[in-house]
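Below, each chain spelled out in residue letters.
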Amino acid sequence: MKLVIAVVQDKDSNRLSNALIKAGFRATKLASTGGFLRAGNTTFLIGTEDDRVNEALQVIKANCKIREQMVTPVSPMGGTTDSYIPFPVEVQVGGAAVFVLPVERFEHF
């Protein structure tokens, strides 16, 4: 048994949730916040058998796409804002950060 933890951008959350259900996976969704852009994320907890891990990863990969986004950095901490002029920067967002962990025991009541 494995626990697949997938942190995805909110824009991909509903699409991934529907795809997981269609593929027969049960998942718990948790609201989370990213550190770099302080943007909303969704964390999926997916318990599955060892032989279905690759299938779960394929579903995640097919539904969570990396895309470019323009962001304006926040002002530097502790510095003077008089000389700071923020310029938009293009960064990659989206995709999924996925962790696969062994599960010693699983109970469902």
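This text gives an overview of the structure that appears in the document. On a predicted model such as this, the values are computed, not experimentally measured, just so you know.

### Some words on the layout of surface pockets
Logical step 1: When its volume is computed, the largest pocket comes out at roughly 320 Å³.
Logical step 2: Taken together, 16 residues form the lining of the largest pocket, with Met1, Arg26, Gly47, Thr48 and Phe106 sitting closest to its centre.
Logical step 3: Breaking the lining of the largest pocket down by element, the ones donating at least two residues are strand S1 (2-9), strand S2 (27-33) and strand S3 (40-48).
Logical step 4: No other element matches the three residues that S3 contributes to the lining of the largest pocket.

### Remarks on the nonpolar core
Logical step 1: Residues Leu16, Leu20, Phe44, Ile46 and Ile60 are the most contacted members of the largest nonpolar core, which totals 13 residues.
Logical step 2: For this core, the secondary-structure elements that each account for two or more residues are S1, helix H1 (10-22), S3 and helix H2 (53-63).
Logical step 3: Discounting residues that sit within four places of it in the chain, isoleucine 60 has contacts with Val4, Ala6, Leu16, Ile46, Ala96 and Val98.

### What to know about the sheet that holds S1
Logical step 1: Pairing within the open sheet is antiparallel, and its four strands lie in the order S2-S3-S1-S6. What marks the edges here is a single partner per strand, and that holds for S2 and strand S6 (96-102). If you compare each strand with its neighbour and ignore which way they point, the axes differ by 20° on average.
Logical step 2: Sheet topology places S1 next to S3; eight bridges connect them, and they run antiparallel.

### Focus on H1
Logical step 1: When the terminal C-alpha atoms of H1 are compared, their 19 Å separation across 13 residues agrees well with the 18 Å that a helix rising 1.5 Å per residue should span.
Logical step 2: Restricting attention to buried positions, one finds in H1 the residues Asp12, Ser13, Leu16, Ser17, Ala19 and Leu20.
Logical step 3: Glycine 24 sits one or two residues past H1 and shows a positive phi near 90°.

Reading guide: rules and limits
- Residues numbered from 1 in each chain as written.
- Predicted model: local features only at pLDDT ≥ 70, side-chain atom pairs only at ≥ 80, totals over all residues.
- Heavy atoms only, no water.
- 1 Å grid on protein atoms, 1.4 Å probe; cavity = no way out; pocket = protein on both sides within 12 Å on 5 of 7 lines; lining within 4 Å.
- Points joined across faces, edges and corners; volume = space filled by probe spheres on them.
- Helix = DSSP H or I, 4+ residues; strand = E, 2+ residues; numbered from the N terminus.
- Core = buried A, V, L, I, M, F, W, Y, C linked by side-chain atoms within 4.5 Å.
- Buried < 20%, exposed > 50% of the residue type's maximum accessible area, 1.4 Å probe, protein only.
- Contact = heavy atoms within 4.5 Å.
- Pairing = 2+ DSSP bridges.
- Axes fitted to C-alpha atoms, helices over the stretch in contact; angles between N-to-C directions.
- Expected span 1.5 Å × (residues − 1).

The analysis is restricted to geometry; functional conclusions fall outside its scope.
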